[in-house]
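# A look at the structure
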Amino acid sequence: MTPEPPRDCPLCPRLVAYREENRRQNPDWFNGPAPSFGDPDARLLVAGLAPGRTGANRTGRPFTGDGAGWILYQTLTKTGFATGVYDARPGDGLQLVDCMITNAVRCAPPLNKPLPIEEKTCRPFLIDRLTALPRLKVIVTLGDVSRKSVLKALGVPASAMAAGHGVEAKVGPYTLINSYHCSRLNTNTGRLTPEMFEAIFARARAAIEADPV
Ligand code: SF4
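The numbering scheme is per chain: residues are counted from 1 as the chain's sequence reads. Local features in this predicted model are restricted to residues whose pLDDT is 70 or higher, and side-chain atom pairs enter the listing and the counts only when it is 80 or higher, whereas totals over whole chains, interfaces and linings include all residues. Side-chain metrics rest on all non-hydrogen atoms present in the structure, leaving aside hydrogens and water.

## Side note on the overall build of the protein chain
Only DSSP runs of H or I reaching four residues or more are called helices, and only runs of E reaching two or more are called strands; each is numbered from the N terminus. Helices and strands together make up the secondary structure of the protein chain, namely seven helices and eight strands. Radius of gyration means the value over C-alpha atoms here, while the globule rule gives 2.2 Å times the residue count to the 0.38 power. The C-alpha radius of gyration of the protein chain comes to 16 Å, within 12% of the 17 Å expected for a compact globule of 213 residues. In terms of overall dimensions, the protein chain has a C-alpha envelope of 50 × 35 × 35 Å along the principal axes. Within the protein chain, the fraction of its 213 residues that count as buried is 52%. For the protein chain, restricting intrachain contacts to residue pairs at least 6 apart in sequence, the fraction spanning at least 24 positions comes to 67%. For the protein chain, the computed accessible surface area is about 9,400 Å², with 57% contributed by carbon and sulfur atoms. Summary of the burial criterion: residues with accessible area below 20% of their type's maximum are buried, those above 50% are exposed, and those between are partly exposed, where the area comes from a 1.4 Å probe applied to protein chains only. Throughout, a contact is declared for two residues whenever any of their heavy atoms are within 4.5 Å. Exposure was quantified through the Shrake-Rupley algorithm and a 1.4 Å probe, taking into account, for residues, occlusion by the shown protein chains and nothing else.

## Quick look at the sheet that holds strand β8 (residues 174–179)
Pairing between two strands is assigned when DSSP locates at least 2 bridges connecting them. The sheet built from six strands is open, its strands ordered β1-β5-β2-β6-β8-β7 with mixed pairing. Edge positions in the open sheet fall to β1 (37–38) and β7 (168–171), since each of these has one partner strand only. The pairing of strand β2 (residues 44–48) with strand β6 (residues 138–142) spans four bridges and is classified as parallel. In the strand pairing of β6, Leu44 is matched with Val138. Working convention: axes come from line fits to C-alpha atoms, limited for helices to the stretch in contact. Angles between N-to-C directions cover 0 to 180 degrees. Together, β1, β2 and β5 (99–103) form the strand contacts of helix α3 (residues 67–78), whose direction differs from that of β5 by roughly 160°. Set on the sheet, helix α5 (residues 144–153) makes contact with β2, β6, β7 and β8; between it and β6 the angle comes to about 140°.

## Digging into the site of the ligand
Taken together, the neighbourhood of the ligand is formed by 13 residues, with Pro5, Cys9, Cys12, Cys107 and Cys122 sitting nearest. Elements represented by at least two residues in the shell around the ligand include exactly α1 (13–25) and α4 (116–131). For the shell around the ligand, the element with the highest residue contribution is α4, accounting for three residues. Throughout, near means a residue has at least one heavy atom within 4 Å of the molecule or strand.

## A short note on the side chain of Thr64
Considering the arrangement of structural elements, one finds Thr64 in the loop between α2 (56–59) and α3. The definition of a polar contact used here is a pair of N or O atoms within 3.5 Å, where within protein one atom must be able to donate a hydrogen and the other to accept one, and adjacent residues in sequence count solely through side-chain atom pairs. A polar contact is formed between the side chain of Thr64 and the side chain of Arg61, at a distance of 2.8 Å. Only 3.0 Å separates the side chain of Thr64 from the backbone oxygen of Pro62, close enough to count as a polar contact. Discounting residues that sit within four places of it in the chain, Thr64 has contacts with Gly55, Ala56, Thr59, Tyr73, Tyr86, Ala88, Arg89 and Pro90.

## A closer look at unusual backbone geometry
For residues that are not glycine, phi is negative in most cases, and the peptide bond is trans in most cases. Positioned with a positive phi, Phe63 is a non-glycine residue whose angle comes to about 55°. By the element assignment, Phe63 lies in the loop between α2 and α3. Its identity is not glycine, yet Ala88 carries a phi of approximately 60°, on the positive side.

## Thoughts on the nonpolar core
Within the largest apolar cluster, 28 residues are counted, with the highest numbers of intra-cluster contacts made by Leu44, Leu72, Tyr73, Leu76, Leu96, Cys182 and Phe201. At the level of elements, β2, α3, β5, β6 and α7 (194–210) are the ones that each hand at least two residues to this core. Ranked by residue count, the leading element in this core is α7, at six residues. Residues belong to one nonpolar core when they are buried, are Ala, Val, Leu, Ile, Met, Phe, Trp, Tyr or Cys, and are joined through side-chain atoms within 4.5 Å. Of all hydrophobic cores here, the second largest spans 17 residues; its members include Ala42, Leu130, Leu133 and Leu176.

Following this line, the structure appears as structure tokens:
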């Protein structure tokens, strides 16, 4: 495996069929495994669940083009992990600073719901993504599926860290901080407010600065 799957990764039949259907319907979309985005020397990794059909699956950049990206990139910019102005397209010039964004499952799943077997099949890419970041210190997981997948990728059971927004744990050399996912559903209902989300990344910043080596 490598940190980034090939454009035509064949490993998950259901997701490959969905990708091909999307290609037929929207041939100008990206329609492939969404590559990780950001700084290869990042000390912060943000791990989402899976690309949205009209987000990263359409644009080819994580959290770009659908509702979740607005609050994520705004928060990263506010907390110093991004520069530039997010404009929901890969050419907007936005850059991540000391930060990378990836997904636990790289291909868009129907209804935004990957199957457990798809999480497991894609996990080697996540493992390699983690090991390919030589300075990595802090991982922010967005949502429970991402939290569990990252824990398993680190070789510990999902029970090694409790669920819930703001839960933090030390796993090996890394500090994990879990957040509610920044989906439109969570932000529109007030389950996740901008202040709550910003506090997660302020804590990530503090954890990085507490261990600057
Ligand atoms: S989800 Fe991951 S393992 Fe499955 S087809 Fe996509 S890139 Fe390959």
